[in-house]
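Here is what each chain is made of, one letter per residue.
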Amino acid sequence: MAVQDLAPLLVQPEPRVVEGTVVLSPSVPAPRAGIAERIADAAVSARRVLEVTIHRLRYKPATRRTARMAVLLPAHNEEQDIEACLDSLLAQTRTPDLIVVIADNCTDDTVRIARRYRGIKVIETKGNTDAKVGALAAGYAEFLAGGAFDVMVSMDADVVLDPACLADLEAELLKTPSAAAVSAKYHFAEGTGGWFNRQLVRAQKLDFTQFQVRANERARRTTIVGGQCSAFRFNAVDEVARQHRRPAPWTNETATEDAQLGLELQELGWTTVMSASARAQVGAMPTVRALSGQRAKWNAGLIALMTSMPLSKRTLPFWLQHIGLGLNVLMRLAFVALLAASVSVSQFVWSWWWLTPTVLAALYQLKMAHLSPHRTAADYVFAALWLPGELWLWFSGWNTAKSWVTHLLGTRRDLWAAQAAAEAGKRSGGGGGLLATLLGSVVLSSVGAWYWLTQASVEFQRVVLTVGWRALAFLTICASVLLVVKLLRPTRGLTA
């Protein structure tokens, strides 16, 4: 007898009600099924579980990513760095759907190393004269122009990504419909060279931290979408290419293709932001010559953009940054000149108040060191000493002034080639700029000292010193107030 035939016997009858009391009927014990019946029931149950499982798997909502990501990696003679870069790409928690290495005019083992990796596309350019822009355009035209990908990542071959970098970039890009690009936050590895190299890396680390702090103060919005590692919404960059009738979003009309692309995206109504969490380790310039070549290219590109476009909320931060740097350098030059002039005529009176800007600058550098990722005790000491930051300001001022002079004179140079030569330790022309500046300063100072000591009247000296010191005191107070504001301003979630 099957179990279903016993069903009537297993049904409990309704209780009888007698004068308000519930009396339950006696229960009927279920007969014990045989082993064959129990095996049959188990088989039926197992079959039903299997059917339900298959049904749920077949009609389960899709969980795979709907966005497709492609990475463009231009590389010019990067045999020393590209292996670590590709290893970090393949170790991402969100692996890209396509990785393209564009070996640009390589004469070393970059191509051989890249081709050892399975699943990575490697193409070579020959005779490309547009440097990184030309390499990116070649990769874009061959793999992305058809619109098969939703997210495009462009990065340098000396960059090492944190494991969750691409996942964070993609998530921030897709959850913000107005964002066309998200740039990673950059940090540097500890310098591995000599003592001076390590200090140079610390200076660059503080400089990049200040850039991130400024972006954070503007709700992480930034015009410069760092070319070291940034994720782009494909339909946004494709719109730029179509709007400007170019085969690719980038242009070789400027030395700062990342800033140019950022401005063009914003002109179309998109926003460009710095990531809140995605991090990437970038290569620091190992020598002053290489650093000078890099900053000369950056400054020249920004100056060209600033002067070719009308003043707007997009270009205003660039102008304010250059004006602020110029005023800082002029204030220091004025202090040195007034100090020398006052001492020469025995009119100098020292006041401890002049140390206020120095103390505030050291405190601000300490704040930047504290916000720097992978900070060490040596970073705090470097910031607290004040002098390294002061030397960095003079270096930045000289480099920026040189770029402005070059721009105003209309001198044209291949800045990509100049930077590459500087990084390789080769002279690339313009090496006498610093020497000419020093000689000019000596000549100008000598002429000024001669006139001040032999030709200027006492009344003229009094007026110059009185007006000069008062004007410098006013500017110093303003600069000190701005430093106090920066010190007290919250970092809006920015973490090291």
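For the structure itself, look to the data block above.
Residues numbered from 1 in each chain as written. Predicted model: local features only at pLDDT ≥ 70, side-chain atom pairs only at ≥ 80, totals over all residues. Heavy atoms only, no water.

A.B. asks: Honestly, the pairing of strand β4 (residues 98-104) in this entry has me stumped. Any pointers?
C.D. replies: The side chains of a regular strand alternate, residue by residue, between the two faces of the sheet. For β4, the tally of buried residues reaches seven of seven residues, placing the bulk of the element in the interior. Along β4, one buried face is formed by L98, V100, I102 and D104 and the opposite face, lined by I99, V101 and A103, is buried too. Here strand β3 (residues 69-75) pairs with β4 via six bridges, running parallel. Its bridge partner being in β4, L73 is matched across the sheet by V101. Remark: the β3/helix α3 (residues 82-90)/β4 crossover connection has right-handed handedness. Pairing of β4 with strand β5 (residues 121-125), which is carried by five bridges, proceeds in the parallel orientation. From the neighbouring strand, A103 faces β5, where its bridge partner is E124. (Buried < 20%, exposed > 50% of the residue type's maximum accessible area, 1.4 Å probe, protein only. Helix = DSSP H or I, 4+ residues; strand = E, 2+ residues; numbered from the N terminus. Pairing = 2+ DSSP bridges. Right-handed = clockwise from strand over helix to strand, strands pointing away.)

A.B. asks: Explanation requested: the packing of aromatic side chains in the structure shown.
C.D. replies: Each aromatic ring pair is described using two quantities: the centre-to-centre distance and the angle formed by the ring planes. Summed over the entire model, instances satisfying the criterion amount to 14 aromatic pairs. Residues Y451 and F460 carry aromatic rings whose centres are separated by 6.3 Å and whose planes lie at 85 degrees to one another, so their mutual orientation is edge-to-face. According to the relative accessible area criterion, Y451 is partly exposed, its value standing at 40%. Its relative accessible area of 38% is what places F460 among the partly exposed residues. Three or more aromatic residues link up through ring pairs in this structure, and these residues are F335, F348, W350, W352, W354 and W469. Here the basic side chain of K486 rests over the ring of Y364, its NZ or CZ set 5.7 Å away from the ring centre. (Phe/Tyr/Trp six-rings, centres within 6.5 Å; stacked < 30°, edge-to-face > 60°. Lys NZ or Arg CZ within 6 Å of the ring centre and 35° of its normal.)

That's the geometry; what it means functionally is another story.
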